[in-house]
Amino acid sequence: MPTVSVKRDLLFESLGREYTDEEFDELCFEFGLELDEITSEKDIISKEQGDVKAEGASDVILYKIDVPANRYDLLCLEGLVRGLQVFKERTEAPRYTRVNPADGEPQKLIITEETALVRPHAVAAVLRNITFTKDRYESFIELQEKLHQNVCRKRTLVAIGTHDLDTISGPFTFTAKPPADIKFKPLNQSKEYTAPELMNLYKTDSHLRHFLHIIEDKPVYPVIYDSNGIVLSMPPIINGDHSKISLNTKNVFIECTATDVTKAKIVLDMVVTMFSEYCDKPFTVEAAEVVYPYGKTCIYPELPYRKETITSDFINKKVGFNETPESIAKLLTRMYLKSEVIGEGGEIEVEIPPTRSDIIHACDIVEDAAMAYGFNNLKRTIPRTYTIANQFPLNKLTELLRQDLAAAGFTEALTFALCSQEDIAEKLNKDISSTKAAHIANPKTAEFQVARTTLLAGLLKTVAANRKMPLPLKLFEISDVVLKDETRDVGARNNRRLCAVYYNKSPGFEVIHGLLDRTMQLLDVKPGREKGYYIQAAEDSTFFPGRCAEVFAHGQSIGRLGVLHPDVINKFELTMPCSALDIDIEPFL
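Residues numbered from 1 in each chain as written. Predicted model: local features only at pLDDT ≥ 70, side-chain atom pairs only at ≥ 80, totals over all residues. Heavy atoms only, no water.

*Asks:* Got a sec to walk through the overall build of the chain? Specific residues and values, please.
*Replies:* For the chain, the count of helices and strands is 16 helices and 29 strands. Principal axes of the C-alpha set define a box for the chain whose edges measure 90 × 65 × 55 Å. Residues classed as buried in the chain amount to 48% of the 589 residues present. Look at the contacts in the chain between residues 6 or more apart in sequence, and 68% of them connect residues 24 or more apart. As presented, the chain carries roughly 29,600 Å² of accessible surface, and 49% of it is formed by carbon and sulfur atoms. Side chains of the chain carry 70 positive and 87 negative charges; the gap between the two charge centres is 3 Å. (Helix = DSSP H or I, 4+ residues; strand = E, 2+ residues; numbered from the N terminus. Buried < 20%, exposed > 50% of the residue type's maximum accessible area, 1.4 Å probe, protein only. Contact = heavy atoms within 4.5 Å. Areas by Shrake-Rupley, 256 points an atom, 1.4 Å probe, with all protein chains shown as cover. Lys, Arg positive; Asp, Glu negative; His and termini not counted. Charge placed at Lys NZ, Arg CZ, Asp CG, Glu CD.)

Listed below in structure tokens is the structure:
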């Protein structure tokens, strides 16, 4: 879920009243949000960089609010306040209107056919006679960043550009050129750069380097010019410095270039609806004309209002309450879905505004009705079903083993299901190609690149983080790993495993072996080669040569135990010997 940071006092001023932290937390819960943290800029810097770096930072109280991932209209202070005010029935939802320019000629954005190789779509609009303050300006920039990270999928689907319209002149041209042919002064730089020079410049930029891969291998780069040849932006990387907006900007030209035109329309609608309230004519947006290659012309923003019809019986049945159509219509209106009862059959007409792109099905309307009613107000009822609930056998076995392994003196750990490639391969003396690991297509950090194929790496990292604790350290975990499997429809499967480690001044192989024997005793599996369990010497690069054994049960290999290789110990920044057990528990069901 995206997290929105807002200044507490500014939020309360916009809401028209003050709340205690507990009251606002309750309000967020009622509205389907979560007050995640109460902090300040100084506290954040202090936690991340230390008290010295935090000196001089702001002490202004910040509320960090978790917002549902599909509620793009709540990603800024303006949308948050508007939604809460409508929810509390202090105001009505505004109606957003697209208007024509006063001179009758809309700004024009012309797309050339060369863009088909990189970003074929674009939309545009104008916010006319807008008034920025420092807080409004910061919120405007922050909303763009939130949208880029969320619906824009880190600018791969959509990239937003905002420009001071008074510094440029239309019509504008969105084209694509060879990198060497593009030269301009980028935002907040003092000189001009060619596109290849820019790509090299931003390879060390902590923010922009994450977007370079989107176009760096393309034969042409997208670029937007005005009628005088001034570069507005090179999407999705950087805007030009010439047209940058400031607190004094009165007219904002907004362009969104995209590979997905539907997402581009949503993004443009969100930006203009959130900040059109600061225009001289609130909630009005000036239209812009986009001309596609081969003559197709579109007017944006669309700001679509659409209507859906739903019955009160359907909502009552799905939610589990018994409300009148009028009451349900009122509940939906509080959720920014203006509704009214039509006819005599309990039908409700719901108007969905351009800000609610998350409403795509009747069940979304039902969810909003339940939220407005209050989940805590729903009466508990016995489900109307003849089935008898029963614990999943694998989970039942897991719970029983957890209790007894804890009774054996081992402490349970719970580690991340995602890890780095290094954790499951190089650090365990393995080759990544032999691990059957499921890779994340677009990992956010190097720490979460693959789904774990073993629990051992997570436990060793836990031991490393607790090296100062008294010895011995005896940890275990029973959880799922993920393995590639071509026979499954999703190409991978979960596998429930038990892993335990013993860390002390001596390897303690006998302790781990004893834990294996105790586990088999609990599973009622007796020693023996025919129908029981046994171990035999094996070689594994993760373990010390000659100190590794393969575990067999019911005639099949279920895992390994042994003393870890010194190289593995060192790679996890440990200094003492460690023994480990790693077995599959699914065969014992």
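There is more to say, and it comes next.
*Asks:* Explain the side chain of histidine 148 residue by residue, including any values.
*Replies:* On the secondary structure map, histidine 148 appears in helix H6 (residues 134-149). The class of histidine 148 is buried, set by a relative accessible area of 3%. Setting aside residues no more than four positions away along its own chain, histidine 148 makes contact with Arg153, Lys154, Arg155, Val158, Ala159 and Ile160.

*Asks:* Quick one: what's the story with the packing of aromatic side chains, residue by residue and with numbers?
*Replies:* Applying the stated rule across the entire model yields 15 aromatic pairs. An angle of 25° between the planes, with centres 4.5 Å apart, marks the rings of phenylalanine 172 and phenylalanine 253 as stacked. Here phenylalanine 253 lies in strand S14 (residues 252-258) and phenylalanine 172 lies in strand S8 (residues 172-177), a separation of 81 residues in the sequence. As far as burial versus exposure is concerned, phenylalanine 172 and phenylalanine 253 are alike and both buried. Three or more aromatic residues joined by ring pairs form one cluster here, namely Phe132, Tyr137, Phe140, Phe275 and Tyr278. Over the ring of tyrosine 305 we find arginine 95, and its NZ or CZ is 3.9 Å from the ring centre. The residue whose ring lies beneath lysine 427 is phenylalanine 572, and the NZ or CZ to ring-centre distance is 5.2 Å. (Phe/Tyr/Trp six-rings, centres within 6.5 Å; stacked < 30°, edge-to-face > 60°. Lys NZ or Arg CZ within 6 Å of the ring centre and 35° of its normal.)

*Asks:* Describe in detail the UniProt feature "domain: B5" (unreviewed entry) in the chain, supporting the description with residues and values.
*Replies:* Mapped onto this structure's residue numbering, the UniProt feature "domain: B5" (unreviewed entry) falls at residues 303-380. Its end C-alpha atoms 40 Å apart, residues 303-380 is made of 38% helix and 21% strand. (UniProt positions renumbered as here; feature names shortened; annotations may be inferred.)

*Asks:* Residues and numbers for the packing of helix H10 (residues 325-334) against helix H11 (residues 362-373), please.
*Replies:* Following both chains from N to C, one finds H10 and H11 inclined at 90°, their axes separated by 8 Å at the closest point. It follows from the interaxial angle that H10 and H11 lie roughly perpendicular. Residues Leu331, Leu332 and Arg334 of H10 form the contact with H11, whose own contacting residues are Ile365, Asp368, Ala369, Ala372 and Tyr373. The residue inventory of the contact of H10 with H11, partitioned by class, reads 6 nonpolar, no polar and 2 charged. (Axes fitted to C-alpha atoms, helices over the stretch in contact; angles between N-to-C directions. Parallel < 35°, antiparallel > 145°, perpendicular 65-115°, else oblique. Nonpolar A, V, L, I, M, F, W, Y, C, P; charged D, E, K, R; others polar.)

*Asks:* Give me the packing of helix H9 (residues 312-319) against H10: which residues, what numbers.
*Replies:* Across the interface, H9 lies against H10 with an axial gap of 10 Å and an inter-helix angle of 75°. What the angle tells us is that H9 and H10 run roughly perpendicular. Each of Ser312, Ile315 and Asn316 in H9 lies in contact with H10, whose residues at this interface are Pro325, Ile328 and Leu332. Its residues assigned to classes, the contact of H9 with H10 shows 4 nonpolar, 2 polar and no charged.

*Asks:* Account for the sheet that holds strand S16 (residues 288-291), naming residues and giving values.
*Replies:* Read across the open sheet, the 7 strands follow the order S13-S12-S11-S8-S5-S16-S17; overall the sheet is mixed. Edge positions in the sheet fall to strand S13 (238-239) and strand S17 (297-300), since each of these pairs with one other strand and no more. Inspection of the sheet shows S16 paired to S17 by 4 bridges, in the antiparallel sense. In the strand pairing of S17, alanine 288 is matched with tyrosine 300. (Pairing = 2+ DSSP bridges.)

*Asks:* Tell me about the pairing of strand S20 (residues 347-352), residues and numbers included.
*Replies:* Note that strand S18 (residues 306-311) and S20 share 6 bridges and pair antiparallel. In the strand pairing of S20, lysine 307 is matched with glutamate 351. One ladder, built from 4 bridges, connects strand S19 (residues 339-342) with S20; its direction is antiparallel. When the bridges of S20 are listed, serine 339 appears paired with valine 350. Between S19 and S20, which pair antiparallel in sequence order, lie 4 residues; one of them, glycine 343, sits at a positive phi of approximately 70°.

*Asks:* Tell me about unusual backbone geometry, residues and numbers included.
*Replies:* Cis peptide bonds are those with omega within 30 degrees of zero, and the linkage from tyrosine 300 to proline 301 qualifies with 0°. Positionally, proline 301 belongs in the loop between S17 and S18. Although it is not a glycine, lysine 154 sits at a positive phi angle of roughly 55°. Within the secondary structure, lysine 154 is located in the loop between H6 and strand S7 (158-164). Residue lysine 154 is classed as partly exposed on the basis of its relative accessible area, which comes to 28%.

*Asks:* I'd like to hear about the pattern of salt bridges, residue by residue, with values.
*Replies:* As enumerated under the stated definition, the model contains 34 salt bridges in all. Here aspartate 540 and lysine 430 are joined by a salt bridge, their closest N and O atoms 2.9 Å apart. In this pair, aspartate 540 is assigned in the loop between strand S26 (533-537) and strand S27 (543-553) and lysine 430 in the loop between helix H13 (421-424) and strand S23 (450-451), connecting sequence segments 110 residues apart. For aspartate 540, a relative accessible area of 13% corresponds to the buried category. When salt bridges with common partners are traced through the structure, they connect Lys7, Lys134, Asp135 and Glu138 into a single cluster. (Salt bridge = Lys/Arg side-chain N within 4 Å of Asp/Glu carboxyl O.)

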